[in-house]
Amino acid sequence: MALKRIYLDNNATTQPAPEVVEAMLLYLYEKFGNPSSKSHYFGWEAESAVENSRTILANFINADKKEIVFTSCATESINTVHNGISESYSFKGNHIISSQVDHHASLDSLANLENKGIEVTYLPVDRYGLVDSYELEKAIKPNTILVSIIYANNEIGSLNNIKEIGQICRNRNVLFHTDAVQALGKIKFDVQEQFVDLASFSGHKLHGPKGVGALYIKNKVKLKPLLFGGGQENNLRSGTLNVPGIVGFGKAVELANNNMDEDAKRISFLRDLLYLELKNQIEGITLNGHPENRLPGNLNISIDGVKADNLIAEIKNIAFSTSSACTSSKAKVSHVLKAIKLEENLLSSTIRFGLSRYTTKEEILETIKIFSEKIQYLRSISPLTLING
Ligand code: PLP
């Protein structure tokens with residue numbers, strides 16, 4: 001009998017909610033108009049759907065709907081911020097601050113700007129992957145134009161104190177952007193209360209569709225666009241809008257808004273059960289990331305003496321990952337694990353589970369059973385790895 005498939009890779013992507021798919025279908029089949037078509041009903045109804053999603057997202061993060069721009073993904077949002085701010089604020093300076101554990105969507109976008117003469121400081125982090133606010137403040141210089149720091153880490157789940165970072169930036173008159181991709185819909189995110197000037201989001205991380213992202217740009221922040229053309233999104237992001245995607249994104253945010261606290265409680269309970277039972281049953285398991293201050297659904301552990309790739313090869317019915325989805329295919333050692341100074345022998349023995357609203361207790365119990373068996377099996381056939389890592 002085929003084993004039941006269990007999906008525990010929700011930091012890579014999430015299953016679209018049935019309500020999301022249903023809402024989108026209408027805008028694929030019937031209401032297929034272009035929101036820029038101002039002369040007929042097809043255009044008007046598409047525009048009204050886009051505006052509805054904009055309002056939902058704006059309300060959810062405590063912004064004004066005029067401050068929301070829809071994009072094709074968070075990578076585009078982040079690149080738009082970095083490029084746009086460095087061009088629009090070149091009169092003020094050319095220095096940007098980020099961190100060593102930001103996502104590659106940020107790090108590679110900044111590396112590209114370094115080639116164009118922008119100076120970037122990548123702040124080191126503590127053993128939990130968190131930026132020290134004092135170090136951040138020390139790094140701000142008269143020519144600093146932007147601080148761009150990840151909120152919730154996609155690999156180890158730790159949550160930066162973005163309110164404190166935002167407050168420092170506000171006091172020092174420096175713009176603050178946060179990559180809030182993993183945080184949106186999972187934990188509190190309020191642009192007013194947390195002093196955020198710019199933020200990037202992605203639909204597919206909160207049970208919405210892929211291929212749609214958003215950008216929050218605080219009123220009065222000037223930003224040169226990345227894409228030029230039809231002038232959509234108030235001239236900030238040209239290109240015909242992905243109406244079904246935006247509708248799905250809006251629905252996903254609405255669902256998150258209705259269930260966030262309850263989901264977080266249930267999911268973190270299951271996450272802790274998974275961790276504590278694995279730790280009880282198997283020797284040599286350590287947690288990466290902050291023990292409490294972390295995403296409800298993220299569990300990142302190192303398993304002494306067992307190669308993550310061997311576990312992946314052994315366990316076919318459970319989806320989990322060795323590092324972030326974006327880097328695992330490149331077969332590189334995780335920059336996050338290196339930045340938190342994980343012992344060398346554990347770098348390739350580290351795995352990530354991502355739980356979601358749809359994860360059940362039965363699935364977690366099954367996962368504990370299978371991992372416990374397979375880890376013991378792998379250790380039994382390769383005693384040397386226990387010693388040598
Ligand atoms: N930032 C973080 C923290 C992520 O986890 C991801 C996706 O893995 C991205 C940015 C990129 O998002 P997208 O796939 O929408 O470009």
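Look above for the structure.
For clarity, every value in this text was computed on a predicted model and none was experimentally measured. (Residues numbered from 1 in each chain as written. Predicted model: local features only at pLDDT ≥ 70, side-chain atom pairs only at ≥ 80, totals over all residues. Heavy atoms only, no water.)

Enquirer: Got a minute to help me understand the site of the ligand in this structure?
Expert: Not every one of the 14 residues close to the ligand is listed here, only the nearest: Thr-75, Asp-179, Gln-182, Ser-202 and Lys-205. Here His-103 contributes a side-chain N or O atom positioned 3.2 Å from an oxygen atom of the ligand. In isolation the ligand exposes 400 Å². Once the protein is present, 91% of that is buried. For the shell around the ligand, the leading source of residues is helix α3 (residues 74–88), giving three residues. (Near = heavy atom within 4 Å. Polar contact = N/O pair within 3.5 Å; in protein donor to acceptor, adjacent residues only side chain to side chain. Areas by Shrake-Rupley, 256 points an atom, 1.4 Å probe, with all protein chains shown as cover. Helix = DSSP H or I, 4+ residues; strand = E, 2+ residues; numbered from the N terminus.)

Enquirer: Mind showing me how you'd approach the pairing of strand β12 (residues 350–354) here?
Expert: The element β12 is extensively covered by neighbouring structure, given that five of its five residues are classed as buried. Burial along β12 is two-sided: the residues Thr-350, Arg-352 and Gly-354 and Ile-351 and Phe-353 are all buried. Taken together, the five bridges between strand β10 (residues 298–303) and β12 define a ladder with antiparallel strand orientation. Pairing of Asn-298 across the sheet is with Gly-354, part of β12. (Buried < 20%, exposed > 50% of the residue type's maximum accessible area, 1.4 Å probe, protein only. Pairing = 2+ DSSP bridges.)

Enquirer: I'm lost on unusual backbone geometry in this one. Help?
Expert: One non-glycine residue, Lys-220, lies in the positive phi region at around 85°. A residue is classified by how much of its surface remains accessible, and Lys-220, at 73% relative accessible area, is exposed. One non-glycine residue with positive phi stands out, namely Asn-235, at about 65°. Here Asn-235 falls in the exposed class, since its relative accessible area comes to 54%.

It is worth stressing that arrangement in space is one thing and function is another; only the former is reported here.
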